[in-house]
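Summary of the model geometry
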Amino acid sequence: MIEFHLDRGSGVSTYLQLVHQVKQALRLGTLRPGDQLPTAREVVESLAINPNTVLKAYRELEREGLVAGKPGLGTFVQRSIGGARLADHAALRRDLDGWVRRAHAAGLDRDDMETLFAMAMVDCFREGIA
Amino acid sequence: MTVTLRTTGLGVRYRRTWALRDCSLALPAGRIAALVGPNGAGKTTLLHAIAGLITPDAGSIGITGQVAFMAQDKPLYDTFTVAEMLAFGRRLNPVWDDAYATARLAALGIPPDRKTAKLSGGQQAQVALALALAPRPDLLVLDEPLANLDPLARHNVMRSLMAEVADHPTTVLLSSHVVADLRDTCDWLIVLNGGRVQVSGDLDDLLAEHLVLTGPAGLADGLAARTRVVEASRTGRQARLLVRGAPVPDPRWNARPAELEELVMAYLGSPDAAALPALSEVDA
Amino acid sequence: MIWLTWRQHRAQLLVTAALLAAFGLLLLGSAVEARLYLAGHAPPGCPGPAPACWDVAVALADRYDAVYTIFGWMPLVAPALVGAFWGAPLLAREYERGTHRLAWTQSVSVRRWLMVKLAVLGALVTVAGLALAVMVSLWRPVFLRQDLFGNIGIFNMVGVAPAAWWLYAFMLGTAAGALLRRTLPAMALVVAGISVTMFALFSLSDHYAEPARAVLSGTTMPDDSDARLVGAGAWVDPAGRELAASPAGVCPRRPDAGQSNRNQEAYQRCLFGKGYRYAVYFHPPSRFWRFQWTEAAILTAASVVFAGLAVHRTLRRTV
């Protein structure tokens, strides 16, 4: 069973935080296929958030095929994340290392690089890519 | 999507002035709506009209189903015991989930034979809330449910309310002038300013479509001409605008989604601005 | 709704019942004691019209002076209390405490809530008034007084009068509470209202029926002590004409000093001796029930008006 926590100051919407936490748990293996996610009521009891938010997060996960809701029984994990993606991770990690070295050579310090990266993330996600 | 609450051109007059003027809003079913606005904006008047305590002087109110109301001072009968308050609810409402109300208060540790006057503020709020929830209403209206409660009681009341809505989907309309309490719990925002509805819409959608732009003051006017500005301010060479809708991306401007408090403050500061969905959209 | 009415107003109901019971015991106690006294002191043939019985009645009055004086103020105080404690708080207290926002947002409509309360409490208050009247009518004859009609204080405590007054006071109080929305000012308004009404009806009561006229020789007081005099009487000259003022120049007249009325009596004897008679206008005690029902009708009609006012004001809903 996963226990959710909420980072209220992070600026990331609540339902996305829940989605990320489920995905993180799937990656780490603390949630496995067949496990039941907490009911909306249980999440709400512990976090005092809108139950619709929980349902929205679960629907998003269901849309991505990670969980499935069984009416009257609960929401259950369908599959895990990881494995096949590891190869992608390695390639992306190499690209990132290259970028950091180029930025450093161009004279950017750590803060400059983090700002640039953060802006790119914001632009990218806002445009709906990813 | 069904609409639980719809007001059309609602107006309430108090002597010479209009406490509410031309208020139109539509609240879809199952939403937890926050009604915010400065003191004196008419929040309580609006809620009282919806609850049936005031007859409007203009316009109409349509509610699908039963309404339950909890007033700001969470009134209870002083000399009644908690058990007698539940008996009151049971006898005055044909639909009444007595088992739920009794179990809930027992779980909160509120003794049924204690007189309500002897309960703490938080306990009284819980009893009043139980009285409003037990008739299983379709629309639950709460006037400043967290006012005059200590932080722990506020958290508990909110938590109880959310847990109940999780089990029994209800449309909730609650007012507050402490916006911070609302971000995680509410998914519909209504801003009332000077007796008029300024904003009414899905909270996440509203926050997504409002951006805070910071950039050079010199470019502010140009930007303002091309987009809907809700609020603009300048400090020295920097300008800050809160706009609605995404402007053409310009690298000279730093853009980020608005936060709830800044959104509300921006609208309250600009009484002429409005963000209202066309009422027909809500029916779709 | 019946349960709620009982639960919310049980204090008033119980206190009123207790006070009625206490009053009943007081009456019962004094009646029993009076019977014993009479058994020991009354001349044979009493109660009756004989003058000897008058003395015994007066002796009884002296003995139970304290109980008698209750009838002086109770006809005013009892309705005032009913109005203040049953009527005024009914709506005013809900407004003051804000509980109207709880009571009127339940599934029961405001109209039904108020109608049931008015009906139940109105009925109870009427029954209480009738109970009081029964107690007093049983008690009074023990004291050899047949003054149910002539004595306004007693009149208001027998028959249907207390029930009508108490119902009226209740509705007046409720209307005051609906208007003022504050208990204490509503109580003050009720007390003032009862006083004004009492005075008004007292003045009006002379006109409930056409007064009877009797012409007396030898006395200026009608036989029946229980009659109600209307206005001052008038002298009738030997020719049979009613005079507007005492005849002048017929008999010597000297003013009386202090408490004595010997000169007045001498003057009257002189006039009677010269063939003058005295006309009095009065209502005979046989009109007791007519007056009771007339007053009750007025008060009941006013009750309905005030009840309607309270309902209308409450349903107007501007809270």
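Residues numbered from 1 in each chain as written. Chains lettered and ligands numbered in written order. Predicted model: local features only at pLDDT ≥ 70, side-chain atom pairs only at ≥ 80, totals over all residues.

Here's the deal with the overall build of chain A
Note the threshold: Each helix corresponds to a stretch of at least 4 residues labelled H or I by DSSP, and each strand to a stretch of at least 2 residues labelled E; elements are numbered beginning at the N terminus. With C-beta atoms placed from the backbone, a residue is buried if 20 or more other C-beta atoms are within 10 Å of its own, exposed if 12 or fewer are, and partly exposed between those counts. Whether two residues are in contact is decided by their C-beta atoms, placed from the backbone, lying within 7 Å.
A tally of helices and strands in chain A yields 5 helices and 3 strands. For chain A, the succession of helices and strands along the chain, N to C, is α-β-α-α-β-β-α-α. Considering only C-alpha atoms, chain A reaches an extent of 60 × 35 × 25 Å along its principal axes. A burial count over chain A gives 22% of its 130 residues as buried. Across chain A, contacts joining residues at least 24 apart in sequence account for 53% of those joining residues at least 6 apart.

Let's talk about the interface of chain B and chain A
Quick note on the threshold: The classification used treats Ala, Val, Leu, Ile, Met, Phe, Trp, Tyr, Cys and Pro as nonpolar, Asp, Glu, Lys and Arg as charged, and all other residues, Gly among them, as polar.
Every contact between the two is made by 15 residues of chain B and, on the other side, 13 residues of chain A. Taken together, the residues of the side of chain B that touches chain A sort by class into 7 nonpolar, 3 polar and 5 charged.

Observations regarding the interface of chain C and chain B
Taken together, the contact pairs 17 residues of chain C with 18 residues of chain B. For the side of chain C that touches chain B, the elements supplying multiple residues, two or more each, are α1 (2–41) and α4 (100–103) of chain C. The element contributing the most residues to the side of chain C that touches chain B is α1(C), with 3 residues. Class assignment for the residues of the side of chain C that touches chain B results in 7 nonpolar, 6 polar and 4 charged.

Focus on unusual backbone geometry
Although it is not a glycine, B:Lys74 sits at a positive phi angle of roughly 45°. Among the secondary structure elements, B:Lys74 is positioned in the loop between β5 (67–70) and α2 (82–92). In this structure, C:Arg181 is a non-glycine residue whose phi angle is positive, near 60°. Residue placement: C:Arg181 occurs in the loop between α7 (161–180) and α8 (183–204). Residue C:Arg181 is classed as partly exposed on the basis of its 18 C-beta neighbours within 10 Å.

Notes on the packing of helix α3 (residues 65–97) of chain C against α8(C)
The description of two helices packed together rests on the angle between their axes and the distance between the axes. Residues and elements named next belong to chain C. Quick note on the threshold: Lines fitted to the C-alpha atoms define the axes, with helices restricted to the stretch that makes contact. Angles between their N-to-C directions range from 0 to 180 degrees. Helix crossings are classified by the rotation of the near helix relative to the far one: an anticlockwise turn of less than a right angle makes the crossing left-handed, while a clockwise turn makes it right-handed.
Put simply, α3 and α8 touch, their axes get as near as 8 Å, and they point 145° apart. Like other packed secondary-structure pairs, α3 and α8 cross with a definite hand, here right-handed. Residues Leu-76, Pro-79, Ala-80, Gly-83, Ala-84, Gly-87, Ala-88, Pro-89, Ala-92, Arg-93 and Glu-96 of α3 touch α8, and the partners they reach there are Thr-183, Ala-186, Met-187, Val-190, Val-191, Ile-194, Ser-195 and Met-198. Residue classes in the contact of α3 with α8 are distributed as 13 nonpolar, 4 polar and 2 charged.

Comments concerning the pairing of strand β3 (residues 74–77) of chain A
Remember that side chains alternate between the two faces of the sheet whenever the strand is regular. Residue and element names in this part refer to chain A. Just so we agree on the cut-off: Between any two strands, pairing holds if DSSP finds at least two bridges.
Because side chains alternate across β3, one face comprises the buried residues Thr-75 and Val-77, and the other comprises Gly-74 and Phe-76, none of which is buried. For strand β1 (residues 36–37) and β3, the ladder comprises 2 bridges, and the chain directions are antiparallel. Across the sheet, residue Leu-37 finds its bridge partner in β3, namely Thr-75. Pairing between strand β2 (residues 67–70) and β3: 4 bridges, direction antiparallel.

Points about the arrangement of the chains
Counting contacts across all 2 pairs of chains that touch, the top pair turns out to be chains B and C. Here chain A and chain C are not in contact; the least distance found between their C-alpha atoms is 26 Å.

Some words on helix α5 (residues 110–126) of chain A
Put simply, the rule reads: Helix span, expected: 1.5 Å multiplied by one less than the number of residues in the helix.
With 17 residues, α5(A) ought to run about 24 Å at 1.5 Å a step, and its terminal C-alpha atoms sit 24 Å apart, in line with that. In terms of burial, α5(A) is largely open, as just 0 of its 17 residues are buried.

Some details on the sheet that holds β2(A)
Residue and element names in this part refer to chain A. Strand order in the open sheet made by the 3 strands is β1-β3-β2, with antiparallel pairing throughout. The open sheet terminates on both sides in strands that have one partner only, identified here as β1 and β2. On the sheet, helix α3 (residues 51–63) packs against β1, β2 and β3 and is oriented at approximately 120° with respect to β2.

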